[in-house]
Amino acid sequence: MVRDRCIPGSVLRLMQIKTIIDKKYKETEIHVLKDSLDDEVRNVVRELHGIFDETLTGTDERGNKCVLRPLDIVSFYAEGQRVFAIDDSGRYSVSSKLYELEEKYGKSGFVRISKSEVVNFKKIKSLDMSFTGTIKVIMKNGYETYTSRRNVAKIKEILMKNRGEGSERDT
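Residues numbered from 1 in each chain as written. Predicted model: local features only at pLDDT ≥ 70, side-chain atom pairs only at ≥ 80, totals over all residues. Heavy atoms only, no water.

**Topic: the overall build of the protein**
Applied cut-off: Strands are runs of DSSP state E lasting at least two residues, helices are runs of H or I lasting at least four, and both sets are numbered from the N terminus onward. Relative accessibility decides the category of a residue: with a 1.4 Å probe and only protein chains considered, values under 20% of the type maximum give buried, values over 50% give exposed, and everything between is partly exposed. Only the protein chains shown count as cover for residues, with accessible areas throughout obtained via the Shrake-Rupley method and a probe of 1.4 Å.
The number of helices and strands found in the protein is 3 helices and 10 strands. The order of helices and strands in the protein, counted from the N terminus, is α-β-β-β-β-β-α-β-β-β-β-β-α. Classification of the 171 residues of the protein by burial places 31% in the buried group. Split by element, the accessible area of the protein, about 12,500 Å² in all, is 51% carbon and sulfur.

**Observations concerning a nonpolar patch on the surface**
Just so we agree on the cut-off: For patch building, the residue pool is restricted to those with more than 30% relative accessible area and no salt bridge; the joining distance is 9 Å between like charges and 5 Å between nonpolar side chains (Val, Leu, Ile, Met, Phe, Trp, Tyr). For this document, the term salt bridge refers to a Lys or Arg side-chain nitrogen within 4 Å of an Asp or Glu carboxyl oxygen.
On the surface, Ile-30, Val-32 and Val-45 cluster together to form a nonpolar patch covering roughly 220 Å² of accessible area. On the basis of relative accessible area, Val-32 is assigned to the partly exposed category, the value being 36%.

**Structural notes on the nonpolar core**
Selection criterion: We define the nonpolar core as a collection of buried residues of types Ala, Val, Leu, Ile, Met, Phe, Trp, Tyr and Cys that are connected through side-chain atoms lying within 4.5 Å of one another. Contact criterion: two residues are considered in contact whenever any of their non-hydrogen atoms come within 4.5 Å of each other.
Counting 14 residues, the largest nonpolar core has Leu-56, Leu-68, Phe-76, Val-94 and Leu-101 as the members making the most contacts within it. Within the residue set of this core, elements represented by two or more residues are strand S2 (65–68), strand S4 (82–87), strand S5 (90–94) and helix H2 (98–105). The element best represented in this core is H2, accounting for 3 residues. Residue contacts for Leu-56: discarding those within four places in its chain leaves Cys-66, Val-67, Leu-68, Pro-70, Phe-76, Val-94, Leu-101 and Tyr-105. Judged by nonpolar contacts, the second largest core, of 10 residues, contains Val-74, Val-111, Ile-113 and Ile-155.

**Re the pattern of salt bridges**
Summed over all chains, the structure comprises 8 salt bridges. Put simply, Arg-69 and Asp-72 hold a salt bridge, and the shortest N to O gap is 3.9 Å. The exposure class assigned to Arg-69 is partly exposed, which follows from its relative accessible area of 25%. Measuring nitrogen to oxygen at the nearest pair gives 3.4 Å for the salt bridge that ties Glu-144 to Lys-136. Take Glu-144: its relative accessible area is 40%, and that puts it in the partly exposed class.

Here it is in structure tokens:
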């Protein structure tokens, strides 16, 4: 089982969960209510922050809103006036601009490989240099994209720098 998806045992007590659907609520709200601030409340709040602070929302091809984990994202790319995220489950339209995603997730392993694409370098499987003028970037999930030779030095530098940090466990 993947550790970061586990909930601490103390959180798994019997809790009341209510869902209220009312037109007066325009956005989703989560309230944690109890008579005192104890470890149980702290754990629940910490877990909720872990879920929602490190996620972004996207819209799938059927129009469903989906919660995406940035570390599961393989690529963000711009197509026309829209920005999309690709993970192992599919493609999602996201509301952020490409440069915003690059700034926000650059320290988490995302690198710009072209004017219209930012990839998660932890998800790069290999680089195929057999093409003239361009390089095929092959991701661990089989997704393929291209970058120009002028970006190779930057990509290699990042790959080499992170090589010693250990490989990421596929989730």
